[in-house]
Amino acid sequence: MLNTKTISEIKAGYAGGDFSPVDVITSLESAIAEQDAQIGSYLSRNVETALKAAESADLSLPLGGVPIAIKDNINVLGEPCTCASKFLEGAYQAPYNATVITKLLQAGAIPFGRANLDEFAMGSATENSAVQLTRNPHDLERVPGGSSGGSAACVAGDLAIASLGSDTGGSIRQPASHCGVVGFKPSYGRVSRYGLVAFASSLDQIGPLTKSVTDAAMLTNVLAGHDPLDSTSLDAPTLDYTQGLDEGVAGKKIGVPKEYLSDDLHPDVKKAVQTAIAALEKEGAEIVEVSLPHTKYCVPTYYILAPAEASSNLSRFDGVRYANRSNDVTDVLSMYENSREEGFGPEVKRRILLGTYVLSSGYYDAYYIKAQKVRTLIMRDFNEVFEQVDALIAPVAPEPARKIGENANDPLQEYLADIFTIGANLAGIPAISVPAGTAEVDGKQLPVGLQILGPHLGEQTVLQVARAWELLRDAE
Ligand code: GLN
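Only a predicted model underlies this, so the values are computations on that prediction, with no experimental measurement involved.

F120, L280, F382 and I452 are the most contacted members of the largest nonpolar core, which totals 92 residues. Here the element with the most residues in this core is helix α9 (residues 298-313); it accounts for 9 residues. Leave out the neighbours within four places in its chain, and F382 touches Y260, L292, L392, G423, A424, A427, I429 and L453. In terms of nonpolar packing, the next biggest core, distinct from the first, is built from 50 residues, V100, A176, L209 and M218 among them.

Turning next to the state of the cysteines. Applying the stated criterion across every chain, the model contains 0 disulfides. Summary of cysteine pairing: C179 is not part of a disulfide, and the nearest cysteine sulfur, belonging to C154, is at 9.2 Å. Classification of C179 by relative accessible area gives buried; the value is 0%.

Quick look at the site of the ligand now. The environment of the ligand is formed by 15 residues, the closest being T168, G169, S171, Y302 and R351. One nitrogen or oxygen atom from the main chain of T168 is found 2.7 Å from an oxygen atom belonging to the ligand. Measuring from an oxygen atom of the ligand, one finds a backbone N or O atom of G169 at 2.6 Å. Among the residues forming the shell around the ligand, the class breakdown is 5 nonpolar, 7 polar and 3 charged.

Here we take up the pattern of salt bridges. Overall, the coordinates contain 22 salt bridges when judged by the stated rule. Across the salt bridge formed by D167 and R173, the nearest N and O atoms sit 2.9 Å from each other. Just as D167 is buried, R173 falls in that class too. Notably, a salt bridge pairs E470 with R467, separated by 2.8 Å at the nearest N-O pair. Here E470 pairs with R467, and both are found in helix α15 (residues 459-475), just 3 residues apart, close to one helical turn. Exposure class is identical for E470 and R467. Each is buried. Connected through shared salt-bridge partners, D139, R142, K403, D442 and K444 make up one network.

Turning our eyes to something else, we now look at the sheet that holds strand β3 (residues 110-115). With respect to topology, 11 strands assemble into an open sheet ordered β1-β3-β2-β4-β6-β5-β10-β11-β9-β7-β8, the strand pairing being mixed. The open sheet is flanked by β1 (42-44) and β8 (286-290), the only strands paired with a single partner. Sheet twist, expressed as the average angle between the axes of neighbouring strands with direction ignored, equals 35°. Its contacts with the sheet place helix α2 (residues 21-39) against β1, β2 (67-71) and β3, and it is angled at close to 10° to β3. In the packing of helix α5 (residues 149-156) onto the sheet, the strands contacted are β1, β2, β3, β4 (163-166) and β6 (206-210), and the crossing angle to β4 comes to about 155°.

What follows covers the packing of α9 against helix α11 (residues 346-359). It is the contact of α9 with α11, at a shortest axis distance of 7 Å, that shows an interaxial angle of 100°. As the angle between them shows, α9 and α11 are arranged roughly perpendicular. Facing Y303, I304, P307, A308 and S311 of α9, the residues of α11 in contact are R351, I352, L354, G355, T356, V358 and L359. Of the residues in the contact of α9 with α11, the class split is 8 nonpolar, 3 polar and 1 charged.

So, on to unusual backbone geometry. The omega torsion across G146 and S147 is 10°, close enough to zero to call that bond cis. With respect to the helices and strands, the residue S147 is situated in the loop between β3 and α5. Positive phi values are uncommon outside glycine, yet C83 reaches one of about 55°. Mapped onto the elements, C83 comes out in the loop between β2 and α4 (99-106). Of note in the backbone geometry, A84 takes a positive phi value of approximately 55° without being a glycine. Inspection of the secondary structure puts A84 in the loop between β2 and α4. What makes A84 buried here is its relative accessible area of 0%.

The next point concerns the side chain of R193. Positionally, R193 belongs in the loop between β5 (182-185) and β6. Aside from chain neighbours lying at most four places away, what touches R193 is Y188, S201, D204, Q205, I206, D230 and T232.

With that settled, the discussion passes to a nonpolar patch on the surface. Nonpolar side chains collect at one region of the surface, where V320, V332, L333 and Y336 lie side by side and expose about 350 Å² of accessible area between them. Among the secondary structure elements, Y336 is positioned in helix α10 (residues 332-343). Assessed through its relative accessible area of 33%, Y336 is described here as partly exposed.

This part covers α5. The buried count for α5 comes to 7 of 8 residues, which makes it a mostly enclosed element. Among the residues of α5, G149, G150, S151, A152, A153, C154 and V155 are the ones counted as buried. Immediately beyond the C-terminal end of α5, within one or two residues, lies D158, with a positive phi of roughly 60°.

What counts and how
Residues numbered from 1 in each chain as written. Predicted model: local features only at pLDDT ≥ 70, side-chain atom pairs only at ≥ 80, totals over all residues. Heavy atoms only, no water. Core = buried A, V, L, I, M, F, W, Y, C linked by side-chain atoms within 4.5 Å. Buried < 20%, exposed > 50% of the residue type's maximum accessible area, 1.4 Å probe, protein only. Helix = DSSP H or I, 4+ residues; strand = E, 2+ residues; numbered from the N terminus. Contact = heavy atoms within 4.5 Å. Disulfide = S-S within 2.5 Å. Near = heavy atom within 4 Å. Polar contact = N/O pair within 3.5 Å; in protein donor to acceptor, adjacent residues only side chain to side chain. Nonpolar A, V, L, I, M, F, W, Y, C, P; charged D, E, K, R; others polar. Salt bridge = Lys/Arg side-chain N within 4 Å of Asp/Glu carboxyl O. Pairing = 2+ DSSP bridges. Axes fitted to C-alpha atoms, helices over the stretch in contact; angles between N-to-C directions. Parallel < 35°, antiparallel > 145°, perpendicular 65-115°, else oblique. Patch = residues over 30% accessible without salt bridge, like charges linked within 9 Å, V, L, I, M, F, W, Y side chains within 5 Å. Areas by Shrake-Rupley, 256 points an atom, 1.4 Å probe, with all protein chains shown as cover.

And the structure:
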């Protein structure tokens, strides 16, 4: 059962000579063969390449011989990168490695398997994948969350040791919450976006999905750092995030944003957050109620800015390069029109339309510029609160994972559920989702995540509080 292990356990096993990287990949492969036809977390796997890498893995490196699944919007040299879109499926092979992949390789890790996602990372349930459905390993009738639904489901189903996802408005944290794993979005600029297919460039951030907070810290150590290839990457020193992880919360001030504990939450989600708050307080954290007064503007602000940026980023998919071209082409305009009409799915088209609209002359000031101004207010809310507290504690999503198909005709309902995750992206701050018990729906117990947010570049505090909660939860 090597597939069930954490990165730390795998490393200890290698160090003790108990098993080898080939054994781990073989174990993952047999679990995948047994279960992934149902779960649908992987779009493709490079088994031969991975086994070859496993044979010659340098176990002295920080992630030596550890396989990591990769969301299929991150370029891995020579592999497909479909973004779960018909536009790229079968038409594109990455001609270079994303910086995070280069870093994983330098640390000895083995990128293994491409995880499903909402098309171009637009969505919250992985149902917008144009390639396949991914099911929640805790209940196959339910979605895994999204957009990194494949990355969360493969870790939750023990079909991966850990994975990478991307988070533009919650896409690492929300699926982690729904699948009962850890999902960490570092600060904007902390991890290079070079080689991540851009959705909304001012919000996108790559991060790990893991089975433990320690594993998330270990992966962050490898991923973080300045990259001259990404102009938004920060040239700021990184820390060893595994150091001081067990420092605890005694003496730390933790804020509870009152706008985040509304009565709209599923009662068990609210209870999970309150249980964590009480436990952390008992451990010596000082809990204070704080206010983020512009929270109610997070969803409309995000759903103007993210589509605006997406409409620009996706203009490169025009049938000329990178992707599939329509066969129905008579001139250059019909090539653009028909390639985009055939290549993009309905949600991506909706975002492009929204984004183009809010950027169009006459509406630019009323929507785009206004949203930028509100974004500043939202950032200020967080800055002011972090003058008073070290970290914030909050829910990740108002409800646990919903049934497949439930919001099919109601995109607005789907957008509204992003309310608690979007703020961290708009403010560029780090935030993590850590499993925090379950919520009962239709007689079933479904995973619930607890969100911990920190100030810009406060990765260490976030991970420390998360680890403290993880220990308390496991001790219960
Ligand atoms: N659910 C959000 C959206 O649909 C966030 C997606 C993401 O973080 N990539 O845009």
